[in-house]
Amino acid sequence: MTPKPLFPLARLAFGLCALATLSAHAAPSVSRLTPPSELFSSGQAAPVIARFLPGQRFDLQATLRPDDAGKTITAAQFAIDGKPVKATVALKACGKDCLNGVPGNATIATLRAASADKPGVHTFTVSGTQSDGQTVTAQGNFEVVALLPGGQKVKNIIIMLGDGMGAAQRTAARIVAGGYAQGKNITPLAMDTFPVTAMVKTASLNSVVTDSAPGMTGYVSGNKNNNNEEGVFPDDTTDPFDNPRIEYLSEYLHRTQGKALGVVTTADVFDATPAGNAVHTSNRGAGTGIVDQFLDDRGNTGLTVLMGGGRKWFVPSTVPGSARGDKTDYAFSSTDDHTAEIVKRWGAAAGALDKDRDLLGDFKSAGFAYAGDKTGLDAIDASKTERLLGLFAHSNMNVALDKMDGRRNKARGISGRVVDDYGFPDQPMLDEMTAKALSVLERQKKGFVLMVEGASIDKQAHNMDTERWMLDTIEFDRAIKLAQEFARKNGDTLVIVTADHECSGAALIGGSRVTDARLQELVREGGVANLRDKVVGIYEQAGFPKYKISGDGYPETTDIDYKLLVAYGANSDRYEDYRTNDRPLQDSQQPFVKKEPLSAYPATPLARDVDGKFMVTGQVPGESAVHTATDIPLSAFGPGAYSFTGVIDNTDVFFKLAQAATKGVVLPEGLVASLRTKAPAPAKK
């Protein structure tokens, strides 16, 4: 029966009564409880958000709010499954150190480096006491994922991470590098030869569209982070280095098995993907503290190899080009339990505001061999090298197209190319770095985790610079081939190839219908009627673009007749002429980008290809293409490869890798049943 509506006076009386009741029962509250859970956020027990390995470490945290500005929180306690966790609970009064909207008398209660061993779903609670004696309790849940007895244990794990590499990027590289004959691919990519491929869901903790930080850390922590965060859960403080931590795969396997860690990238090493294997911060841009953690916390991660760009963070602030600064650094207090417990419970370094630190010298003092260019890298004898640092650019390394252009022209005695403008004409390719990393790491008797990133597939897709991300995908695949060959020789090595997310919504729309000479004429004539209607061929008009591959493994030229054409679905406004850009866009991370000759490079896609007068209206605001929420492929090779089937979450990858490395390879339940069904009947005696 529908209740009768209250009359206005009755409603008023009811409201006043309710208000009086609420006032009489004002109480402290919990506005955030970590690890994140739907049980706390919505009252629903599922889905379980936070998942951990047995014994994997993570922080417990809660934001407790007094019911009145004159009161404080005086005590807090955490419990798991009703049993108090025996460790120091740090109470940090917010004051001015918390986010807008969080009152100054709110308290951040944190217990560092908790863990649980028993598989299954656990509840955890925080209980807080207010200064007037009132108490508050909140509850969440998390899961400890069971590790099963399995078959062969994997000794080495190689994660090949093509940043921003979706299916379109893989297909484009295959067309360019491998060619087609009557509809059949002539030479497959190395990643195409992996026996197993799954599709991966990539959402972060706070968005269906992830950025690279949680995109990477989902694979190596088993948990979702907010965008911009690496190895931490979100909190209410403004300090980017004090967030609740989650133990990485590298930390877990180094602590439990003594495995080493290698990180190789074509980006600045402080960038989100490389840092997302070893560094804990809520700000992927905090470069000084990030690179310091690489060295200072190597005792936790087992860091043994680090290569890429980013020299600007390793030299003192007094050196021209240095990016070190106290604003991007941290120094944990030795007396405030809020951060002192990070040092005590995690074994982390306390850090220091040390912008004039010679981090490069400190790496060398710690026993790292150092290479500053390809010649130096080639000279390193891996058989005599225990640890290796390579820094080949001030910030991001040049992309494959420009590195190969520099090498080819240097052989002809020609200088003044893009790599010369950047001041680093002798940079190694990603496969050359990967080969050296493997030769150093294979000496590790207890095995290793190696992450190799093809970083500028993403960066150039952001720029909608088609040829540059195509060649970076080819460069990445050449590194994959080396990892695959290593796994063939070492039957205890598992290799996965994937991406953190797709970038730009790239789509292979077809092929050019004209020669390159005719295309240049149409560019001069300009306009949509010439550059779109007379050039873009779809369906059978696209044909099969035929690129000629040089002996160095890259196209002789990308400005061929009847070339492959690419469009973007997550693009900003830009001009397009379908020809290869002779120079990349300005890279704002480069310390000397405001000076000639780099300052003369196009600043945005709107400052490039303007002669053709063919502007493509974008789908997104700004001057850059963006990441998309589209699932991305993951291919696997080696023992444990068949664990990676179906459509999986990015955090599932972590548990599959850990299972293979700790308890041995197991097959997915459905696949096991299928194989049993198809198994031949035993022969009759």
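Since we're looking at a predicted model, the values are computed, not measured.

*Asks:* I keep staring at the overall build of the protein and nothing clicks. Help me out?
*Replies:* Regarding its fold elements, the protein presents 20 helices and 28 strands. Whereas a compact globule of 685 residues would reach a radius of gyration of roughly 26 Å, the protein reaches 27 Å, a difference of no more than 12%. Based on the C-alpha atoms only, the size of the protein along its principal axes is roughly 85 × 75 × 75 Å. The proportion of buried residues among the 685 residues of the protein is 55%. Look at the contacts in the protein between residues 6 or more apart in sequence, and 75% of them connect residues 24 or more apart. Surface accessibility of the protein: about 27700 Å² in total, with carbon and sulfur atoms responsible for 53%. In the protein, the 74 positive side-chain charges and the 79 negative ones have mean positions that sit 6 Å from each other.

*Asks:* For this particular structure, what's the right way to read the state of the cysteines?
*Replies:* Where two cysteines share a covalent bond between their sulfur atoms, that bond is called a disulfide. The final tally for this structure, using the stated rule, is one disulfide. At a sulfur-sulfur separation of 2.0 Å, the disulfide partner of cysteine 94 is cysteine 98. Between cysteine 94 and cysteine 98, the S-S torsion sits near -75°, and that sign places the bridge as left-handed.

*Asks:* Would you take a moment to explain the UniProt feature "binding site: Zn(2+)" (unreviewed entry) in the protein for this structure?
*Replies:* Per the UniProt record, the feature "binding site: Zn(2+)" (unreviewed entry) sits at Asp163, Asp458, His462, Asp500, His501 and His627. Across 465 residues of sequence, these annotated residues stay compact in space, with a maximum C-alpha separation of 14.3 Å. Among the structural elements, histidine 462 can be located in helix H15 (residues 456–462). A relative accessible area of 18% places histidine 462 in the buried class. Once residues lying within four places of it in the same chain are set aside, the contact partners of histidine 462 are Cys503, Ser624, Ala625, Val626 and His627.

Calculation notes
Within any chain, residue numbers begin from 1 and follow the written order of that chain's sequence. Note on the predicted model: pLDDT of at least 70 is required for a residue's local features to be given, and 80 or more for side-chain atom pairs to be given and counted; whole-chain, interface and lining totals, by contrast, use all residues. Side-chain numbers come from the whole structure's heavy atoms, not from hydrogens or water. In this description a helix means any DSSP run of H or I spanning at least four residues, a strand means any run of E spanning at least two, and both kinds are numbered starting from the N terminus. C-alpha atoms define the radius of gyration in this analysis, and the globule rule sets the expected value at 2.2 Å times the number of residues to the power 0.38. Relative accessible area decides the class of each residue, using a 1.4 Å probe on protein chains only: under 20% of the type maximum gives buried, over 50% gives exposed, and in between gives partly exposed. Whether two residues are in contact is decided by their heavy atoms: any pair within 4.5 Å suffices. Working definition of accessibility: Shrake-Rupley area with a 1.4 Å probe, residue cover restricted to the visible protein chains. Working convention for charge: Lys and Arg count positive, Asp and Glu count negative, and His plus the chain ends are omitted. A single reference atom marks each charge: NZ on Lys, CZ on Arg, CG on Asp, CD on Glu. Count a disulfide wherever a pair of cysteine sulfur atoms falls within 2.5 Å. UniProt positions are given in the numbering used here, feature names are shortened, and annotations may be inferred rather than shown by experiment.

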